[in-house]
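This is what each chain is made of:
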Amino acid sequence: MSGLLVAADRALLADGSLSPGWVEVADGLVLATGRGEPPRTPDRRVAVLTPGLVDIHCHGGGGHTFATTDPQEARAAADAHHRAGTTTVLASLVSDTHETLREQVRTLAPLVREGVLGGIHLEGPWLSPLHHGAHDPGVLRDPDPGELQDLLAAGDGTVRMVTLAPERPGGLDAVRLLAEAGVVVAVGHTDVDGDQLRTAVDAGARVVTHLCNAMRPIHHRRPGPVVAALADERLAVELIVDGVHVHDEVVALIARSARSRLLLVSDAMAAACAPDGRYQLGAMAVDVVDGVARTTDSGRIAGSTLTLDRAVRGTTAAGVDTLAALTAATASPARTLGLTAGVLRPDAPADLVGLDADLHVRWVLRGGAGAGAGTTRTTS
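Residues numbered from 1 in each chain as written. Predicted model: local features only at pLDDT ≥ 70, side-chain atom pairs only at ≥ 80, totals over all residues. Heavy atoms only, no water.

Visitor: Any chance you could explain the confidence of the model for the protein chain here in plain terms?
Guide: A low pLDDT means the predicted coordinates there should not be read in detail. This prediction gives the protein chain a mean pLDDT of 94; 96% of its residues lie at or above 70. Between residues 368-380, whose pLDDT stays under 50, and residues either more than four places distant or in other chains, the model counts 39 contacts. (pLDDT = per-residue confidence, 0-100. Contact = heavy atoms within 4.5 Å.)

Rendered as structure tokens:
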């Protein structure tokens with residue numbers, strides 16, 4: 001039976017090519033793909049066709065937050081990013097008390113099982129007070145095995161990633177515990193040097209949270225964690241490309257060094273896809289002015305208002321080629337977390353995004369029970 005056939009001037013296919021191609025979907029899955037002209041008249045033609053974008057670090061959007069005990073609030077935050085082409089979103093939680101985090105994890109876990117969310121990401125509270133960013137320093141603490149196991153149990157397999165500072169007492173033991181449980185461990189909001197980062201990787205860490213931000217900078221005699229991360233092929237590195245967190249020249253340098261290990265993330269808070277104004281990020285009040293989020297008390301950057309399609313455009317504007325930028329927002333993050341999303345191959349989820357020649361989202365297909373079903377969006 002024929003399904004929905006989409007052709008593109010450039011299609012990002014599973015072989016890593018970005019060239020003329022087509023994708024056919026049916027019953028919520030990719031049925032077939034190919035290069036060149038499709039085997040029949042397509043139902044839709046777009047300039048650029050990519051797998052649905054995959055954001056593994058996102059705190060909210062559309063005026064809504066994932067740090068909630070209201071499942072409808074979390075659903076609305078996810079939907080804002082789905083409509084913008086990010087068909088797989090991890091719900092990131094900010095540092096808080098154990099009791100609060102446990103209830104938030106319990107709220108989000110059914111949405112992961114339903115497929116609304118791709119998983120849960122705990123960013124803290126086991127972070128360095130020297131690099132706490134927009135996290136409440138009053139709740140930061142050392143990792144405790146009992147607390148970690150309790151949160152993993154509350155998630156019942158839905159906690160996919162944890163960000164921590166491995167130099168804290170018990171940090172390396174926490175890395176080992178989480179890695180053995182099948183959770184991806186990310187090093188972030190940390191004061192580690194290069195040697196300490198390598199020790200954490202030896203213990204099982206596999207990601208660096210928003211490289212360059214909330215960590216020691218590069219120094220020519222003390223290269224630190226940024227250089228160590230780029231040199232270690234075991235590590236994938238997140239990057240927030242919004243024109244605020246990292247300079248374009250640094251974006252291009254990191255992309256050349258990390259190659260397929262580059263992961264574009266939004267680190268978006270509730271103001272993504274929403275107006276400027278006053279918001280909350282966990283316990284911290286945040287003012288958003290001209291799309292830039294900063295804490296009201298200190299003016300620290302407080303996440304971003306990005307959607308991942310904007311991050312892709314920002315990355316290409318920094319001089320990175322389109323194939324590398326799209327891969328960093330699709331296949332690479334999905335591979336890092338072991339997700340089935342982010343790639344267009346037979347039997348993969350029917351998550352497709354149609355872009356115009358300037359990489360603006362024009363059409364979104366997100367799964368569904370039949371050909372062309374699921375969440376669809378067309379923009380003018």
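Visitor: For this particular structure, what's the right way to read the sheet that holds strand β11 (residues 184-187)?
Guide: In a beta sheet, neighbouring strands pair by backbone hydrogen bonds and run either parallel or antiparallel. The sheet built from eight strands is open, its strands ordered β5-β8-β9-β10-β11-β12-β13-β14 with parallel pairing. The sheet terminates laterally at β5 (54-58) and β14 (262-264), the two strands that pair on one side only. Running at roughly 130 degrees to β14, helix α8 (residues 308-317) makes contact with β5 and β14 of the sheet. (Pairing = 2+ DSSP bridges. Helix = DSSP H or I, 4+ residues; strand = E, 2+ residues; numbered from the N terminus. Axes fitted to C-alpha atoms, helices over the stretch in contact; angles between N-to-C directions.)

Visitor: I tried to follow helix α2 (residues 98-114) on my own but got confused; where do I start?
Guide: Because each turn of an α-helix spans 3.6 residues, side chains separated by three or four positions in sequence point in the same direction. If you check α2, its first and last C-alpha atoms are 25 Å apart, about what 17 residues at 1.5 Å a residue would give, namely 24 Å. Residue leucine 108 marks the point of greatest curvature in α2, where the axis turns by about 25 degrees; the proline proline 110 follows within four residues. Within the sequence span of α2, burial applies to His98, Leu101, Gln104, Val105, Thr107, Leu108, Ala109, Leu111 and Val112. Where α2 is buried, its residues touch α1 (71-83), β8 (88-93), β9 (119-123), α3 (145-155) and β10 (159-164). Glycine 115 sits one or two positions beyond α2 and adopts a positive phi of about 95 degrees. (Expected span 1.5 Å × (residues − 1). Bend = angle between axes of the 7 residues up to and from the residue. Buried < 20%, exposed > 50% of the residue type's maximum accessible area, 1.4 Å probe, protein only.)

Visitor: What should I look at first to understand the pattern of salt bridges in this one?
Guide: When the charged atoms of two side chains with opposite charge come close together, those side chains can pair. Counted according to the given criterion, the structure contains 21 salt bridges. With its nearest N and O atoms 3.0 Å apart, the salt bridge here joins aspartate 173 to arginine 176. Separated by three residues within a single helix, aspartate 173 and arginine 176 lie in helix α4 (residues 171-180), roughly one turn from each other. For aspartate 173, a relative accessible area of 52% puts it in the exposed group. In this structure arginine 176 comes out as partly exposed when scored by relative accessible area, which is 37%. Between arginine 362 and aspartate 356 there is a salt bridge; the shortest N-O distance is 3.0 Å. Within the structure, one salt-bridge network assembled from shared partners comprises Glu24, Arg40 and Asp43. (Salt bridge = Lys/Arg side-chain N within 4 Å of Asp/Glu carboxyl O.)

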